[in-house]
Amino acid sequence: MKRLVMDVDTGLDDMVAELIAFGSKEVQVDGIVATYGNKLIEHTLPNTLNVVRYLGRDVPVYEGSHRPLKREPVVGGNIHGADGMACFPFPHYQDNTSKGDGIAFLKQHVLEHPGQITVVATGPLTDIARVMQEEPAWKDSVGELVVMGGSLAGGNVTPYAEFNSFDDPEAADYVFRSGVRTILMPLDVTTQVTLGRQELDKLKTFGGKAAKLFGHCMETYYQSCTSVVRECPAMHDPCCIAYLLDPLMFSGSWKSLCCVTDRKSERYGETVDTGKEGNTLVMLHADQSRFWPLVEQAVRNLA
Ligand code: BDR
Ligand code: CA
């Protein structure tokens, strides 16, 4: 059983990553840290707490960074709805509060269980960079670091930069150059795993609370993506959990990366492949046919 800590900025695709992790019998989520990203922390923290409570999981939620290392935060557009969760009508939960400092948790939990904890980061890399800056031994204690972020072939927020890396380029650059062994899911691979009308309609028929949450949120995601960018929505963040459940779904190559941190450059936030072999396994190909059965199984397990 793999033990995970997730670091998320809960919007719509982060929620699907959480749903698959909670619904899978092969991973156990020890804790979740909510950071800013798709929305400010005022939304992403309650969103994370609500998803955990709604799906009935007793997982502690901690409060991560409120802003990037150096720049002002950039929140995502309306693709995730006004509150980041497509205004899903969650019940009102008593005691819906966080367990405190997410940076301290991320640091201690990994250090106390050397080599045993997989950290999955699906938002800006601020929390991960802060932990590594505060505790250099962390990078040798983390079991595996799996990240959604970056792009080698064009961005989704500027022509060059992917959203999570653009939100905190200094943090992305720090993590990429730190030497920590990382599995990276960039846009190049996450855009190969998309939600089509057929999968959405099928999952809506499953019944149960997970199918209800998935159906509501993914309908908004589908409508926004197909009307605004005229593409089926990509399952960016869920690729990280899919990799943990079925690593052979993905393939890529080991690279040494950095991120453009020159704020005056139009390439600010761009992922750069230095051309050398390095510590980051950059996934470049996905077998989409293996993805949806994992989601379906998780939805069934959580019903
Ligand atoms: C990433 O940006 C966010 O909007 C998504 O949740 C995902 O983590 C994709 O660029
Ligand atoms: Ca995210």
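Summarised in this report is the structure supplied together with it. Predicted, not measured: the structure shown is a model, and the values here were computed from it.

Rules used in this analysis
- Residues numbered from 1 in each chain as written.
- Chains lettered and ligands numbered in written order.
- Predicted model: local features only at pLDDT ≥ 70, side-chain atom pairs only at ≥ 80, totals over all residues.
- Heavy atoms only, no water.
- Salt bridge = Lys/Arg side-chain N within 4 Å of Asp/Glu carboxyl O.
- Helix = DSSP H or I, 4+ residues; strand = E, 2+ residues; numbered from the N terminus.
- Buried < 20%, exposed > 50% of the residue type's maximum accessible area, 1.4 Å probe, protein only.
- Pairing = 2+ DSSP bridges.
- Axes fitted to C-alpha atoms, helices over the stretch in contact; angles between N-to-C directions.
- Contact = heavy atoms within 4.5 Å.
- Near = heavy atom within 4 Å.
- Polar contact = N/O pair within 3.5 Å; in protein donor to acceptor, adjacent residues only side chain to side chain.
- Areas by Shrake-Rupley, 256 points an atom, 1.4 Å probe, with all protein chains shown as cover.
- 1 Å grid on protein atoms, 1.4 Å probe; cavity = no way out; pocket = protein on both sides within 12 Å on 5 of 7 lines; lining within 4 Å.
- Sits in = over half its atoms within 2 Å of the grid points.
- Nonpolar A, V, L, I, M, F, W, Y, C, P; charged D, E, K, R; others polar.
- Points joined across faces, edges and corners; volume = space filled by probe spheres on them.
- Expected span 1.5 Å × (residues − 1).
- Core = buried A, V, L, I, M, F, W, Y, C linked by side-chain atoms within 4.5 Å.

On to the pattern of salt bridges, then. All chains considered together, the criterion is met by 12 salt bridges. Put simply, glutamate 134 and lysine 107 hold a salt bridge, and the shortest N to O gap is 2.7 Å. Taken together, the positions of glutamate 134 in helix H4 (residues 126–134) and lysine 107 in helix H3 (residues 102–112) put the pair 27 residues apart, joining distant regions of the chain. Glutamate 134 sits in the partly exposed class, given a relative accessible area of 44%. One salt bridge connects aspartate 201 with arginine 197, and the closest N-O pair in it is separated by 3.0 Å.

What follows deals with unusual backbone geometry. If you check the backbone angles, alanine 86 has positive phi at about 55° while not being a glycine. Among the secondary structure elements, alanine 86 is positioned in the loop between strand E3 (61–63) and H3. Overall, the relative accessible area of 10% leaves alanine 86 in the buried class. In the Ramachandran plot, cysteine 87 falls in the positive-phi region, its phi being about 55° despite a non-glycine side chain.

Another point: the sheet that holds strand E1 (residues 2–8). An order of E3-E2-E1-E4-E5-E6-E10-E7 is seen for the 8 strands of this open sheet, with the pairing classed as mixed. Since the sheet does not close on itself, it has two edges, and those belong to E3 and strand E7 (250–255), each with one partner. Along the sheet, successive strands turn relative to each other by an average axial angle of 25°, direction set aside. With 3 bridges connecting them, strand E2 (residues 27–34) and E3 associate as parallel partners. From the neighbouring strand, isoleucine 32 faces E3, where its bridge partner is valine 61. Relative to the sheet, helix H1 (residues 12–23) contacts E1 and E2, its axis offset from that of E1 by approximately 165°. Sitting on the sheet, helix H2 (residues 41–54) touches E1, E2 and E3, and the angle it makes with E3 is about 170°.

Our next topic: the site of ligand 1. Not every one of the 13 residues close to ligand 1 is listed here, only the nearest: Asp13, Asn38, Asn156, Glu162 and Asp237. Histidine 80 places a polar side-chain atom, nitrogen or oxygen, 3.4 Å from an oxygen atom of ligand 1. Alone, ligand 1 offers 280 Å² of accessible surface; in the complex the protein occludes 94% of this. Structurally, ligand 1 is housed in the largest pocket. When contributions to the shell around ligand 1 are tallied by element, the ones reaching two or more residues are H1 and helix H6 (163–167). Here the shell around ligand 1 is built from residues that sort into 3 nonpolar, 6 polar and 4 charged.

As a volume, the largest pocket reaches approximately 640 Å³. Ile79, Asn156, Phe163, Tyr221 and His236 are the residues nearest the centre of the largest pocket, which is lined by 30 residues in total. Broken down by secondary-structure element, the contributors of at least two residues to the lining of the largest pocket are H1, H6 and helix H10 (209–228). If one sorts the elements of the lining of the largest pocket by residue count, H10 sits on top with 3 residues. Residue classes in the lining of the largest pocket are distributed as 14 nonpolar, 10 polar and 6 charged.

Take H10 next. For H10, with 20 residues, the first-to-last C-alpha span of 28 Å sits near the 28 Å given by 1.5 Å per residue. Looking only at H10, the buried set comprises Ala210, Ala211, Leu213, Phe214, Gly215, Cys217, Met218, Glu219, Tyr221, Tyr222, Ser224 and Cys225. Buried residues along H10 sit in contact with H1, H2, helix H9 (197–204) and helix H12 (291–302). Of the residues trailing H10, arginine 230 is marked for its positive phi of about 55°.

The subject of this paragraph is the nonpolar core. Phe214, Met218 and Phe250 are the most contacted members of the largest nonpolar core, which totals 69 residues. Per-element tally for this core: the top contributor is H10, with 9 residues. Contacts of methionine 218, omitting those with residues within four sequence positions, involve Leu12, Met15, Val16, Leu195, Leu200 and Met235. Ranked by size, the runner-up nonpolar core spans 28 residues in total, among them Tyr62, Val119, Ala121 and Met132.

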